[in-house]
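Residues per chain, in single letters:
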Amino acid sequence: MRAEWKTPDARFVLVWYEADGVEQPLALRLDLDKRVFLDDISVKDVHVIRAVKAHVSDVIRQVATYRQARARQAVAVAAGVV
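So, here is what we can say about the structure in this document. Bear in mind the structure is a predicted one, so any value in this text is a computation, not a measurement.

**With respect to the overall build of the protein chain**
Part 1: Of regular secondary structure, the protein chain possesses two helices and six strands.
Part 2: Along the protein chain, from the amino end to the carboxyl end, the secondary structure elements read β-β-β-β-β-β-α-α.
Part 3: Taken over the C-alpha trace, the protein chain has a radius of gyration of 16 Å; the compact-globule value for 82 residues is 12 Å, which it surpasses by more than 25%.
Part 4: Put simply, 33% of the contacts in the protein chain that link residues at least 6 apart link residues at least 24 apart.
Part 5: Carbon and sulfur atoms form 54% of the exposed surface of the protein chain, whose accessible area is close to 5900 Å².
Part 6: For the protein chain, the distance from the average position of its 13 positive side-chain charges to the average position of its 11 negative side-chain charges is 6 Å.

**Quick word on the pairing of strand β2 (residues 12–16)**
Part 1: Relative to β2, strand β1 (residues 2–4) runs antiparallel, the two sharing three bridges. Considered in β2, the bridge of E4 is made with L14.

**Considering the packing of helix α1 (residues 46–54) against helix α2 (residues 56–78)**
Part 1: One can describe the packing of α1 onto α2 by two numbers: an axis separation of 4 Å at closest approach and a directional angle of 25°. When the axes of α1 and α2 are compared, the pair comes out roughly parallel. Residue-level inspection shows V52, K53 and A54 of α1 in contact with α2, the latter providing V56, S57 and D58.

**Considering the packing of aromatic side chains**
Part 1: Under the criterion given, the structure shown has one aromatic pair.
Part 2: When the centroid spacing of 5.6 Å and the interplanar angle of 70° are considered together, the rings of W5 and Y66 count as edge-to-face. In this pair, W5 is assigned in the loop between β1 and β2 and Y66 in helix α2, connecting sequence segments 61 residues apart.

**Considerations on the sheet that holds β1**
Part 1: Read from one edge to the other, the open sheet built from four strands follows the order β1-β2-β5-β6, with strand pairing classed as antiparallel. Two strands close off the open sheet at either side, each with one partner strand: β1 and β6 (36–37).
Part 2: With two bridges joining them, strand β5 (residues 28–31) and β6 adopt antiparallel strand pairing. Among the inter-strand pairings, L30 is bridged to a residue of β6, identified as F37.
Part 3: Most of the contacts of α2 go to β5, to which it runs at about 65°, and overall it touches β1, β2, β5 and β6.

Calculation rules
- Residues numbered from 1 in each chain as written.
- Predicted model: local features only at pLDDT ≥ 70, side-chain atom pairs only at ≥ 80, totals over all residues.
- Heavy atoms only, no water.
- Helix = DSSP H or I, 4+ residues; strand = E, 2+ residues; numbered from the N terminus.
- Rg over C-alpha atoms; globule rule 2.2 N^0.38 Å.
- Contact = heavy atoms within 4.5 Å.
- Areas by Shrake-Rupley, 256 points an atom, 1.4 Å probe, with all protein chains shown as cover.
- Lys, Arg positive; Asp, Glu negative; His and termini not counted.
- Charge placed at Lys NZ, Arg CZ, Asp CG, Glu CD.
- Pairing = 2+ DSSP bridges.
- Axes fitted to C-alpha atoms, helices over the stretch in contact; angles between N-to-C directions.
- Parallel < 35°, antiparallel > 145°, perpendicular 65-115°, else oblique.
- Phe/Tyr/Trp six-rings, centres within 6.5 Å; stacked < 30°, edge-to-face > 60°.

Spatial relationships are all this shows, so hold off on functional conclusions.
Structural data, given as structure tokens:
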């Protein structure tokens with residue numbers, strides 16, 4: 001599974017996932033504010049669906065960590081530290 005977003009402040013993240021070892025052709029849109037997928041997972045395998053949903057908090061945590069680091073850097077630049 002991998003996730004990507006177009007801009008650092010994007011509200012949505014694209015989550016790419018695999019089923020039977022093959023990355024699916026369409027990503028799922030994850031709403032970071034609501035913390036839910038906006039799309040249905042197109043596979044019938046319950047284990048794949050559970051695995052993808054289990055990683056939602058990991059994706060949100062990684063985005064939050066990135067945004068916090070970016071905010072700290074902006075503050076340091078504004079203060080003339082960097």
